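# Coordinate inspection notes
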Amino acid sequence: MFGADLLILTLIILLLTSLKLILQPHPTKIPIKSRHVFITGGSSGIGLALAREAAAEGARVTILARDMKKLEQAKASIQVSTGTEVDIVSADVRDFHAVKTAVESAGEIDVLICNHGTFLPYEVENMEMKGIEDIIGVNLVGSFGLVKAALVGMKKRKDRRPVSIAFMSSQLGQVGIYGYTAYSASKFGLRGLAEALQQEVIADDIHVSLIFPPDTDPPGLAEEKKRRPQLTSIITASSGAMTADEVAKKTLNGIKSGSFSIHCNFEGVLLSIVTAGMSPQRSYLMAFVEFIFSGVIRFVAFCFLWTWYRSIEKWHAKRKRA
Amino acid sequence: MADINLSFLTLCILPILLLLFLKLIIRPHPVTIPIKSRHVFITGGSSGIGLALARQAAAEGARVTILARNPNKLEEAKASIRLSTGIDVTTVSADVCDFDAVKTAVESVDPIDVLVCNQGVFVAYELEKQEIKEVREMIDVNLVGSFNLVKAVLPGMKSRSDRKPVSIAFMSSQAGQVGIYGYTAYSASKFGLRGLAEALQQEVIADDIHVSLIFPPDTDTPGFAEENKKKPRLTSIIAGSSGAMQADEVAKKTLNGIKSGSFIVPCNFEGFLLAIATAGLSPQRSYLMAFVEVVSAGILRIAGLCFQWTWYGSIEKWHAQKKYLDICCSSTQESCLMD
């Protein structure tokens, strides 16, 4: 009896030690105080909250967006709440040359946060191709442009401390949901980019992070909720919403600890564990948790899939009767 | 004594209970999708995996249409299939990036029962060296092109008179399960297909339309030969972890996967392990596979982390070697070619 317990304890310690030894890339810390944080989509929502948080923590902040007026308002708002001035630069992330100019004018970037994004919840058959192209063009291709523009400076930087490239994904970038074909496609795509990119830039002490917030409370959400297909609302009710400030806090903490996958709430932890897949994990404790719980959470996932597909069945049956 | 019996009983009964429970809750339900005498529409069908798919589907009695851009290659493919199977396939020329052309092409043929979005371009290159134009092209052809096809085909599928189950399949890649050095754009486009597929399955299940994602490894095709010439060395080292396959083998696994309505279709053993490790929140129609996933997810996560350890090790070594050679070369002032 006692022997079995001791054996299990020994195995656990062996596993934890092995994980600590093999985990690649190694854990890292990325300071942001007095460093340059560049945030796209920074004039509202999560981006604005991020800019405010980072400024309050002593970072030099630049926010990028398309609309100059909204940028001015954001700058004023941050000035009022933190007493700090942020730099603003206007560009459309789909325009690579504009992005390059904007990035070069901002100076060396230590933390790049690709937070810009657009979404439209519609069944694919009800969406215009233009809407789909916009979502993929902005969310995914736009991020490629930003990374390409920032990488040059990051690789040649004089301050050789670790730097970060972070992508604002979504829980919809961990699971595809009714009504979100284009949005999920763009956010899943960010993960392919991030996993490959981390391998390409690790040698320059550049660290990649993906943030997976749930439904957040930014201004876009109220608009979006009005137009959402009913089934989308039913299914996404499974995960609770958060405020932009809460997401911003989790984001910055995750970036500072160099985590590859950054979850924002409890459902997010479960999602991250079950969708860990082949992504890097820098924390040996998290790796251990993933090992222990992957199977259980895959089982829980089947239960969720059951409720979702049942909702879809029921909804269609109701419609047929009506 | 009683303790051991109890533990033994639990160990035997628990798996059986789990299997039974999974059989009850698995959604969407399992399905079989016949292809004999049905219309299979294959994009990128004039070469490589697409051509092999067309040949095999035709040999199994399906009515086949192949779509590609180049009419000459389409004619060659048609002749080649006629030679090996005696069957005539329909050919239609269009660029998947052009929605109107795709719509016209789709409307010019019979209602489609199995759509295989197999078109794809791939150029492996470090992102900092790759032209943004090339990145855009990969995402346009591989991802947006697939959206064009789905949007063009869906109305017909939803209003079809033959109400047997139909299929929409996407040719992904193992690079769509794990991002690899040199594949930022390609992996992004293939990961994107999965987001599309998971959401799409929820949107079309009510019309008995079934979505499949196929994940082949490196496959011996003309496209692959082209890509190999320019691939970064590190990409070859890392991607070499998974064995290559022949187009015919991949085509066989693809058709079998589509016919059994599987959401995720792996093509070889490494692919099977990858599929379990990256199952995430994707649907699983086989309760046996679901059981395997639940039981082995944890250990496969560890295996995945071990692979990351070897890959990052290779990356470190390569960079160390490069630095050493750079220093040597600059001191001897000869030009060294880093492999």
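Throughout what follows, the structure given in this document is the object of discussion. Quick caveat: nothing in here was measured; it's all calculated off a predicted structure.

## Here we look at the overall build of chain A
When you go through chain A residue by residue, the secondary structure sums to eleven helices and seven strands. Taken against the 2.2 N^0.38 rule, which gives 20 Å for 322 residues, the C-alpha radius of gyration of chain A at 21 Å falls within 12% of a compact globule. Each principal axis of the C-alpha distribution contributes one length, and for chain A these read about 65 × 60 × 35 Å. Counting contacts in chain A only where the partners sit at least 6 residues apart, residues at least 24 apart contribute 75% of the total. Approximately 13,200 Å² of chain A is accessible, and the part contributed by carbon and sulfur atoms is 60%. A distance of 2 Å separates the average location of the 37 positive side-chain charges in chain A from that of its 31 negative side-chain charges.

## Focus: the interface of chain A and chain B
Taken together, the contact pairs 78 residues of chain A with 79 residues of chain B. A per-residue breakdown of the area chain A buries against chain B is headed by Gln199, Met278 and Tyr309 of chain A, which together make up 13% of the total. Linking chain A with chain B are five salt bridges, by the criterion used here. A salt bridge links Glu293 of chain B to Arg298 of chain A; the nearest nitrogen and oxygen atoms lie 2.6 Å apart.

## Description of helix H3 (residues 71–85) of chain B
Residues that lie three or four places apart on an α-helix share one face, since the helix turns once every 3.6 residues. All names here are of chain B. Given a rise of 1.5 Å per residue, 15 residues ought to cover 21 Å, and the 21 Å separating the end C-alpha atoms of H3 matches this to within 8%. Taken together, the buried positions of H3 are occupied by Leu74, Ala77, Lys78 and Ile81. Viewed end-on, H3 has its buried residues packed into an arc of 100°, placing them on one side of the element. Away from its buried face by more than 90 degrees, H3 exposes Asn72, Glu76 and Leu83. Check the buried side of H3 and you find it contacts helix H2 (48–59), strand E2 (63–68) and strand E3 (90–93).

## Concerning the packing of helix H1 (residues 2–22) of chain A against helix H11 (residues 284–321) of chain A
Axis angle and axis distance: for two packed helices, these are the angle between their axes and the distance between the axes, and together they describe the pair. All names here are of chain A. The geometry of H1 relative to H11 is characterised by a closest axis approach of 9 Å and an angle of 125° between their N-to-C directions. The pairing of H1 with H11 is recorded here as oblique in orientation. In terms of crossing hand, the pair formed by H1 and H11 is right-handed. Contact with H1, carried on its side by Ile12, Leu15, Leu16, Leu19 and Lys20, involves Tyr284, Leu285, Ala287, Phe288 and Phe291 of H11 and no other residues of that element. A breakdown of the residues in the contact of H1 with H11 according to their chemical character gives nine nonpolar, no polar and one charged.

## Topic: the pattern of salt bridges
When the charged atoms of two side chains with opposite charge come close together, those side chains can pair. All names here are of chain A. Taken as a whole, this structure holds 30 salt bridges over all chains when the rule is applied. For the salt bridge of Asp159 with Arg35, the shortest nitrogen-to-oxygen distance reads 3.7 Å. Here Arg35 lies in the loop between H1 and strand E1 (36–40) and Asp159 lies in the loop between helix H5 (129–155) and strand E5 (163–168), a separation of 124 residues in the sequence. When its relative accessible area of 26% is taken as the criterion, Asp159 is described as partly exposed. Two residues, Asp159 and Arg161, come together in a salt bridge whose shortest N-O distance is 3.1 Å. One network of salt bridges, in which partners are shared, links Arg35, Asp110, Asp159 and Arg161.

## Structural notes on the nonpolar core
Residues Phe144, Phe167 and Leu197 of chain A together with Phe147, Phe170 and Leu200 of chain B are the most contacted members of the largest nonpolar core, which totals 106 residues. With residues near it in sequence (within four places) discarded, Phe144 of chain A still touches Leu193 of chain A together with Leu127, Ile132, Val135, Ile139, Thr184, Ala185 and Ala188 of chain B. Residues Val40, Leu53, Ile66 and Val116 of chain B belong to the second largest nonpolar core, which totals 33 residues.

## Structural notes on the pairing of strand E3 (residues 87–90) of chain A
Regular strands show a simple pattern: their side chains alternate between the two faces of the sheet. Residue and element names in this part refer to chain A. Two strands pair when backbone bridges link them, and strand E2 (residues 60–65) and E3 are joined in this way by four bridges, in the parallel orientation. Across the sheet, Ala65 pairs through a bridge with Ser90, a residue of E3. With helix H3 (residues 68–82) bridging E2 and its parallel neighbour E3, the resulting β-α-β unit is right-handed.

## Structural notes on the packing of aromatic side chains
In this description, an aromatic ring pair is defined by two values, namely the gap between the centres and the angle between the planes. Counting across every chain of the model gives eight aromatic pairs over all chains. Between Phe119 of chain A and Tyr183 of chain A, the aromatic rings sit 5.7 Å apart at their centres with planes inclined by 90°, giving edge-to-face as the arrangement. Linking Phe119 of chain A in the loop between strand E4 (111–114) and H5 with Tyr183 of chain A in helix H6 (residues 181–201), this pair joins segments that are 64 residues apart in sequence. Of the residues examined, Phe119 of chain A reaches a relative accessible area of 27% and is grouped as partly exposed. Ring centres of Phe299 of chain A and Phe21 of chain B lie 5.4 Å apart, and the angle between their planes is 40°; this geometry places the pair in the tilted category. Linking Phe299 of chain A in helix H11 with Phe21 of chain B in helix H1 (residues 2–25), this pair reaches from one chain into another. Three or more aromatic residues link up through ring pairs in this structure, and these residues are Phe119, Tyr180 and Tyr183 of chain A.

## Digging into the packing of helix H10 (residues 266–274) of chain A against H11 of chain A
Residue and element names in this part refer to chain A. One can describe the packing of H10 onto H11 by two numbers: an axis separation of 8 Å at closest approach and a directional angle of 90°. In terms of axis orientation, H10 runs roughly perpendicular to H11. Here Leu270, Ile273 and Val274 of H10 come into contact with H11, specifically with Met286, Val289, Glu290, Phe293, Ser294, Ile297 and Arg298. Of the residues contributing to the contact of H10 with H11, the split by class is seven nonpolar, one polar and two charged.

## Some remarks on the sheet that holds strand E4 (residues 114–117) of chain B
Residue and element names in this part refer to chain B. Read from one edge to the other, the open sheet built from seven strands follows the order E3-E2-E1-E4-E5-E6-E9, with strand pairing classed as parallel. Edge positions in the open sheet fall to E3 and strand E9 (264–266), since each of these has one partner strand only. Put simply, the sheet's adjacent strands are angled 20° from each other on average, direction ignored. Bridge count between strand E1 (residues 39–43) and E2: five bridges; the pairing is parallel. Note that in E2 the partner of Phe41 across the bridge is Thr65. Along the sheet, helix H6 (residues 184–204) contacts strand E5 (166–171), strand E6 (209–215) and E9; its crossing angle with E6, the most-contacted strand, is approximately 160°.

## Describing the sheet that holds strand E7 (residues 261–263) of chain A
Residues and elements named next belong to chain A. A sheet is described by the order of its strands in space; here seven strands give the open sequence E3-E2-E1-E4-E5-E6-E7, paired in parallel fashion. The sheet is open, and its two borders are formed by E3 and E7, each paired with just one other strand. Going from strand to strand, the sheet's axes swing by 20° on average, the running direction of each strand aside. In this structure, E1 lies alongside E4, joined through three bridges in parallel fashion. Across the sheet, the residue bridging to Phe38 is Leu112, located in E4. Along the sheet, H6 makes contact with E5 and strand E6 (206–212), crossing E6 at roughly 160°.

## Quick notes on the environment of Ile297 of chain A
All names here are of chain A. Looking at where Ile297 falls in the secondary structure, it is placed in helix H11. Each C-alpha atom, one on Ile297 and one on Thr275, is 9.6 Å from the other, the two residues being 22 residues apart in sequence. Filtering out sequence-adjacent residues up to four positions away, Ile297 remains in contact with Leu270, Ile273 and Val274.

Conventions used here
Residues numbered from 1 in each chain as written. Chains lettered and ligands numbered in written order. Predicted model: local features only at pLDDT ≥ 70, side-chain atom pairs only at ≥ 80, totals over all residues. Heavy atoms only, no water. Helix = DSSP H or I, 4+ residues; strand = E, 2+ residues; numbered from the N terminus. Rg over C-alpha atoms; globule rule 2.2 N^0.38 Å. Contact = heavy atoms within 4.5 Å. Areas by Shrake-Rupley, 256 points an atom, 1.4 Å probe, with all protein chains shown as cover. Lys, Arg positive; Asp, Glu negative; His and termini not counted. Charge placed at Lys NZ, Arg CZ, Asp CG, Glu CD. Buried area = accessible area lost by both parts, 1.4 Å probe. Salt bridge = Lys/Arg side-chain N within 4 Å of Asp/Glu carboxyl O. Expected span 1.5 Å × (residues − 1). Buried < 20%, exposed > 50% of the residue type's maximum accessible area, 1.4 Å probe, protein only. Arc of directions from axis to C-beta. Axes fitted to C-alpha atoms, helices over the stretch in contact; angles between N-to-C directions. Parallel < 35°, antiparallel > 145°, perpendicular 65-115°, else oblique. Left-handed = near helix turned anticlockwise from the far one by under 90°. Nonpolar A, V, L, I, M, F, W, Y, C, P; charged D, E, K, R; others polar. Core = buried A, V, L, I, M, F, W, Y, C linked by side-chain atoms within 4.5 Å. Pairing = 2+ DSSP bridges. Right-handed = clockwise from strand over helix to strand, strands pointing away. Phe/Tyr/Trp six-rings, centres within 6.5 Å; stacked < 30°, edge-to-face > 60°.

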